[in-house]
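One letter stands for each residue in the lines below.
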Amino acid sequence: MLVGREREQATIDALLEHARSGISGTLLVCGEPGIGKSALLRYAELTANGMTVLTASGIESESDLPFSGLAEFLEPVRDLIPEIPGPQAAALMGALALGPPSGSDPFAIFAATLSILAASAERQPVAVIIDDLQWLDASSERALRFASRRIHADRIAILLGSRTDVDGTPFSQVPSASFSGASTSRLVVGYLQDRTDHPSRASWPKASMRGPAEIPLRFSNQESC
Ligand SMILES: Nc1ncnc2c1ncn2[C@@H]1O[C@H](COP(=O)(O)OP(=O)(O)OP(=O)(O)O)[C@@H](O)[C@H]1O
Ligand SMILES: [Mg+2]
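Residues numbered from 1 in each chain as written. Chains lettered and ligands numbered in written order. Predicted model: local features only at pLDDT ≥ 70, side-chain atom pairs only at ≥ 80, totals over all residues.

Undergrad: A description of the nonpolar core should follow, citing residues and the corresponding values.
TA: Nonpolar side chains tend to gather and get buried jointly when the protein is soluble and globular. A127, V128 and L159 are the most contacted members of the largest nonpolar core, which totals 54 residues. With 11 residues, the single largest contributor to this core is helix α5 (residues 106-123). If sequence neighbours within four positions are ignored, L159 has contacts with I12, L15, L27, V29, L41, A44, A127 and I129. (Core = buried A, V, L, I, M, F, W, Y, C linked by C-beta atoms within 7 Å. Buried ≥ 20, exposed ≤ 12 C-beta atoms within 10 Å, placed from the backbone. Helix = DSSP H or I, 4+ residues; strand = E, 2+ residues; numbered from the N terminus. Contact = placed C-beta atoms within 7 Å.)

This is how it looks when you write it as structure tokens:
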């Protein structure tokens, strides 16, 4: 039972409900240690009924292991790797140490991440829930950022939790990110507005091809984590 988090819970409810109805979004929960970020993420996990829930937590001692976070949250949907384009599958297998190192550029791995999330969302809506983003390895963070900027009408919700007291919190440094204001605490919950409508997305996987969807909620307060 969370005390005094009705507003934040409602924002998470909306994120999940929009994803179920085909409007993707990325929500960042950030704040100081102990403020209740993980508790909110657990709430999301428990309420993500009817969704495929993919989780990972950044671990300080593993933050220099490329793609260790990606390996964690894609583990439940590995069976979909054969369904994505071959070069992407090979690149992803290499990145996750499930196949020979492919020597691919990161784009193939990032595109594979997007493809596999989209393929999973074809089966049922997806909730990607990443805690302690400040310690996620940089490669996984970039893959997530790549995906979050390109999900549109894909039934995908991405929920990120991050401390504010650690330098280099990557998502919070996205210049166009805007967040809802927190009223009673230093916990900030808000949608990222870092999106792309780059023309080349037409050649990307299904996740990018179904047309843009407006971000479900926008907030006037500009805050940063
Ligand atoms: N709204 C709340 N109502 C009741 N208990 C809460 C609430 N939010 C957090 N807690 C409790 O406070 C403690 C700290 O919360 P939590 O672990 O979620 O913090 P955190 O922001 O993730 O901290 P850290 O940055 O160290 O990971 C936990 O025991 C949690 O269950
Ligand atoms: Mg926590």
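Undergrad: Quick one: what's the story with the packing of α5 against helix α6 (residues 138-150), residue by residue and with numbers?
TA: Where α5 contacts α6, the axes come no closer than 9 Å and their chain directions differ by 55°. Judged on the interaxial angle alone, α6 and α5 are oblique. Judged by the twist between their axes, the crossing of α5 over α6 is right-handed. Facing α5, whose interface residues are P106, I109, F110, T113, L114 and L117, α6 presents R142, A143, F146, A147 and R150. By residue class, the composition of the contact of α5 with α6 is 8 nonpolar, 1 polar and 2 charged. (Axes fitted to C-alpha atoms, helices over the stretch in contact; angles between N-to-C directions. Parallel < 35°, antiparallel > 145°, perpendicular 65-115°, else oblique. Left-handed = near helix turned anticlockwise from the far one by under 90°. Nonpolar A, V, L, I, M, F, W, Y, C, P; charged D, E, K, R; others polar.)

Undergrad: A description of the environment of V77 should follow, citing residues and the corresponding values.
TA: As for its placement among the helices and strands, V77 is situated in the loop between α3 (68-74) and α4 (86-95). Leaving out residues up to four positions away in the same chain, V77 has contacts with T52, L54, I116 and S120.

Undergrad: Break down the site of ligand 1 for me, with residues and values.
TA: Taken together, 13 residues sit near ligand 1, with V3, G36, K37, S38 and A39 positioned nearest. The leading source of residues in the shell around ligand 1 is helix α2 (residues 37-47), at 3 residues. Taken together, the residues of the shell around ligand 1 break down into 5 nonpolar, 5 polar and 3 charged. (Near = placed C-beta within 6 Å.)

Undergrad: Any details on α4? Residues and values, ideally.
TA: Among the residues of α4, Q88, A89, A90, A91, L92 and A95 are the ones counted as buried. Where α4 is buried, its residues contact α3 and α5. A97 lies just past α4 and shows a positive phi near 60°.

Undergrad: Help me get a handle on the confidence of the model for the protein, residues and values and all.
TA: Regions with low pLDDT carry predicted coordinates that are not meant to be interpreted in detail. The pLDDT averaged across the protein works out to 78; a share of 72% of its residues lies at or above 70. In the model of the protein, strand β5 (residues 188-191) stands out as the element of lowest mean pLDDT, 67, in contrast to strand β2 (residues 52-57), which has the highest, 98. Note that pLDDT drops below 50 for residues 165-170; the model gives that stretch 10 contacts with residues more than four away or on any other chain. A low-confidence stretch, residues 194-223 stays under pLDDT 50, and its non-local contacts, those more than four residues away or across chains, total 58 contacts. (pLDDT = per-residue confidence, 0-100.)

Undergrad: With reference to specific residues and values, describe the pairing of strand β4 (residues 156-163).
TA: Counting buried positions along β4 gives 8 out of 8 residues, so the element sits mostly inside the fold. Sheet topology places strand β1 (residues 25-31) next to β4; 7 bridges connect them, and they run parallel. Looking across to β4, one finds that V29 is bridged to G161. Pairing geometry for strand β3 (residues 126-131) and β4, over 5 bridges, is parallel. (Pairing = 2+ DSSP bridges.)

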